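Next come the chains, spelled out residue by residue.
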Amino acid sequence: MKTAIITGVTGQDGSYLSEFLLSKGYRVVGLKRRTSLINTDRVDSFYDDPNFILEYWDLNDVGSLYRLLKKYNPQEFYNLAAQSHVRVSFDIPEHTVDGVALGLLRILEAIRNQDDPPRFYQASSSEMYGDAPCPPTGYTEDSKMTPASPYACAKLFSHNLVRNYRESYDIHASSGILFNHESPRRGETFVTRKITRAAARIKLGLQTELHLGNLDAMRDWGYAGDYVEAMWMMLQASTPDDYVISTGETHTVREFLEEVFNHAELSIEKHVRIDKKYFRPHEVPLLLGDSTKAHQQLGWKPQIKFKNLTALMYEEDFINIKH
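Structure report, in brief. These numbers were taken from a predicted model, which means no experiment stands behind them.

## Focus: the overall build of the chain
Right, on to step 1. Counting its secondary structure elements, the chain contains 11 helices and 13 strands.
Right, on to step 2. For the chain, whose C-alpha radius of gyration is 19 Å, the value lies close to the compact-globule estimate of 20 Å for 323 residues.
Right, on to step 3. Taking the principal axes of the C-alpha coordinates as reference, the chain spans close to 60 × 45 × 40 Å.
Right, on to step 4. Accessible surface, the chain as shown: approximately 14600 Å² in total, 49% of it carbon and sulfur.

Below, the structure written as structure tokens:
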């Protein structure tokens, strides 16, 4: 039985990846931060699975990382942890950069010093491209990157660090440059989930207005459940590398809003208000990915389309809030 360690296991991606690996017969060791509030709702459905183990850990605690690597001797290690909200990274830049960049450095140092290092996956981000000119078919692994937030700057440092350790120490380390990926498990402060949750609450008469920022930002939105399979595929490849994971389609926040509100039969004019406090200090206008390399070398393709994704997220929120 293979063992995989997943940091950030209680997040959106961590929970979907855990389910996927458990279905493959893995033993999954999920690492989470100790908090005063219980936030294991995303893993509750498989919490009692005998092959799922939850351990406390922190990006700043090097000693616990060495202990956990020795205890479980994993064959695969997926790093999905860190503060991931772009807008929030402007408010807490030091915390964001320390977790994203130095947290990864600590992990890579621990892994390279193992007698039998696990294959390693790093969650890179499309935010690394920032406001660099976007090619007509989308950004590739070789496109210019000009990050436009503290979060994106830290992610680019981390992305280059993985490549450096891969080439310097011959470890099987790959980075997935994931474009926006959503689901019913997306955090409620992210704009997609904010929209679907508000639409459900308005439909049920629990609120009347939704306040949003820039509706013109264009994003390449996919389904998180599809994207975690790409993570696993990277670590099954004989040679480690970096891959863009995306749908190859771009839609504005306004389009996402329209799809959800049309599905819910709600009026945008009646219920939606624009609020300047939700605008970023430095906005990225367009993110579009070209995942040709992942398709050709890994055989990966996204399955859930944009319209299906918006409907899936709204319906799930409506059911959960209603009950």
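That shown, we press on.
## What to know about the pattern of salt bridges
Right, on to step 1. By the definition in use, this model includes 16 salt bridges.
Right, on to step 2. Between Glu 167 and Arg 163 there is a salt bridge, with its nearest N and O atoms 3.9 Å apart. Of this pair, Glu 167 and Arg 163 both sit in helix 5 (residues 150-169), separated by four residues, roughly a single helical turn.
Right, on to step 3. Its salt-bridge partner being Asp 216, residue Arg 254 comes within 3.2 Å of it at the nearest N-O pair.

## Considering the packing of helix 6 (residues 191-203) against helix 11 (residues 306-322)
Right, on to step 1. In the contact formed by helix 6 and helix 11, the axes pass within 8 Å of each other and the chain directions differ by 50 degrees. Overall, the two elements helix 6 and helix 11 adopt an arrangement that is oblique. Crossing geometry of helix 6 relative to helix 11 is assigned as right-handed. Contacts between helix 6 and helix 11 involve Thr 192, Arg 193, Thr 196, Arg 197, Ala 199, Ala 200, Arg 201 and Lys 203 from the former and Thr 310, Met 313, Tyr 314, Asp 317, Phe 318 and Ile 321 from the latter.
Right, on to step 2. Residue composition of the contact of helix 6 with helix 11, by class: six nonpolar, three polar and five charged.

## Here we look at the environment of Lys 293
Right, on to step 1. Along the polypeptide, Lys 293 turns up in helix 10 (residues 292-298).
Right, on to step 2. Accessibility expressed as a relative area gives 19% for Lys 293, which makes it buried.
Right, on to step 3. Along the primary structure Lys 293 and Leu 54 are separated by 239 residues, whereas in three dimensions their C-alpha atoms are 34 Å apart.
Right, on to step 4. Apart from residues no more than four positions distant in its own chain, Lys 293 is found in contact with Glu 141, Asp 241, Asp 242, Tyr 243 and Leu 298.

## Things to note about the packing of helix 4 (residues 93-112) against helix 5
Right, on to step 1. Look at helix 4 against helix 5: their axes get within 8 Å of each other, and the N-to-C directions meet at 10 degrees. Relative to helix 5, helix 4 is oriented roughly parallel. Packed against helix 4, whose contacting residues are Pro 93, Thr 96, Val 97, Val 100, Ala 101, Leu 104, Leu 105, Leu 108, Glu 109 and Arg 112, the element helix 5 presents Pro 150, Tyr 151, Ala 154, Lys 155, Phe 157, Ser 158, Leu 161, Val 162, Tyr 165 and Tyr 169 at the interface.
Right, on to step 2. Of the residues assigned to the contact of helix 4 with helix 5, the class counts are 15 nonpolar, two polar and three charged.

## Observations regarding unusual backbone geometry
Right, on to step 1. Its identity is not glycine, yet Asn 73 carries a phi of approximately 45 degrees, on the positive side.
Right, on to step 2. Looking at the secondary structure, you find Asn 73 in the loop between helix 2 (62-72) and strand 4 (76-79).
Right, on to step 3. On the basis of relative accessible area, Asn 73 is assigned to the partly exposed category, the value being 42%.
Right, on to step 4. Residues other than glycine seldom take positive phi values, yet Asp 170 does so here, at roughly 55 degrees.
Right, on to step 5. On the secondary structure map, Asp 170 appears in the loop between helix 5 and strand 6 (173-178).

## A word on the sheet that holds strand 4
Right, on to step 1. An order of 3-2-1-4-5-6-11 is seen for the seven strands of this open sheet, with the pairing classed as parallel. Edge strands, defined here as strands with exactly one partner in the open sheet, are strand 3 (52-56) and strand 11 (242-245). With strand direction ignored, the average angle separating the axes of adjacent strands in the sheet is 20 degrees.
Right, on to step 2. Of the pairings in the sheet, the one linking strand 1 (residues 3-7) to strand 4 comprises four bridges and is parallel in character. The residue of strand 4 that forms the bridge with Ile 6 is Tyr 78.
Right, on to step 3. Helix 1 (residues 12-23) rests against strand 1, strand 2 (27-32), strand 3, strand 4 and strand 6 of the sheet, and its axis sits at about 170 degrees to strand 1.
Right, on to step 4. Of the strands in this sheet, strand 1, strand 2, strand 3 and strand 4 touch helix 2, which is tilted by about 155 degrees from strand 3.

## Things to note about helix 2
Right, on to step 1. All buried positions along helix 2 are accounted for by Ser 64, Leu 65, Leu 68, Leu 69 and Tyr 72. Down the axis of helix 2, the buried set is contained in an arc of 135 degrees. They therefore lie on one face. In helix 2, the exposed positions angled more than 90 degrees off the buried face are occupied by Lys 70 and Lys 71.
Right, on to step 2. Lining the buried residues of helix 2 we find strand 1, strand 2, strand 3, strand 4 and helix 4.
Right, on to step 3. For helix 2, the side-chain oxygen to backbone nitrogen distance between the N-cap and Gly 63 is 3.4 Å, and the N-cap itself is Asp 61.
Right, on to step 4. Just downstream of helix 2, Asn 73 is the residue with a positive phi angle, here 45 degrees.

Rules and cut-offs
Residues numbered from 1 in each chain as written. Predicted model: local features only at pLDDT ≥ 70, side-chain atom pairs only at ≥ 80, totals over all residues. Heavy atoms only, no water. Helix = DSSP H or I, 4+ residues; strand = E, 2+ residues; numbered from the N terminus. Rg over C-alpha atoms; globule rule 2.2 N^0.38 Å. Areas by Shrake-Rupley, 256 points an atom, 1.4 Å probe, with all protein chains shown as cover. Salt bridge = Lys/Arg side-chain N within 4 Å of Asp/Glu carboxyl O. Axes fitted to C-alpha atoms, helices over the stretch in contact; angles between N-to-C directions. Parallel < 35°, antiparallel > 145°, perpendicular 65-115°, else oblique. Left-handed = near helix turned anticlockwise from the far one by under 90°. Contact = heavy atoms within 4.5 Å. Nonpolar A, V, L, I, M, F, W, Y, C, P; charged D, E, K, R; others polar. Buried < 20%, exposed > 50% of the residue type's maximum accessible area, 1.4 Å probe, protein only. Pairing = 2+ DSSP bridges. Arc of directions from axis to C-beta. Polar contact = N/O pair within 3.5 Å; in protein donor to acceptor, adjacent residues only side chain to side chain.

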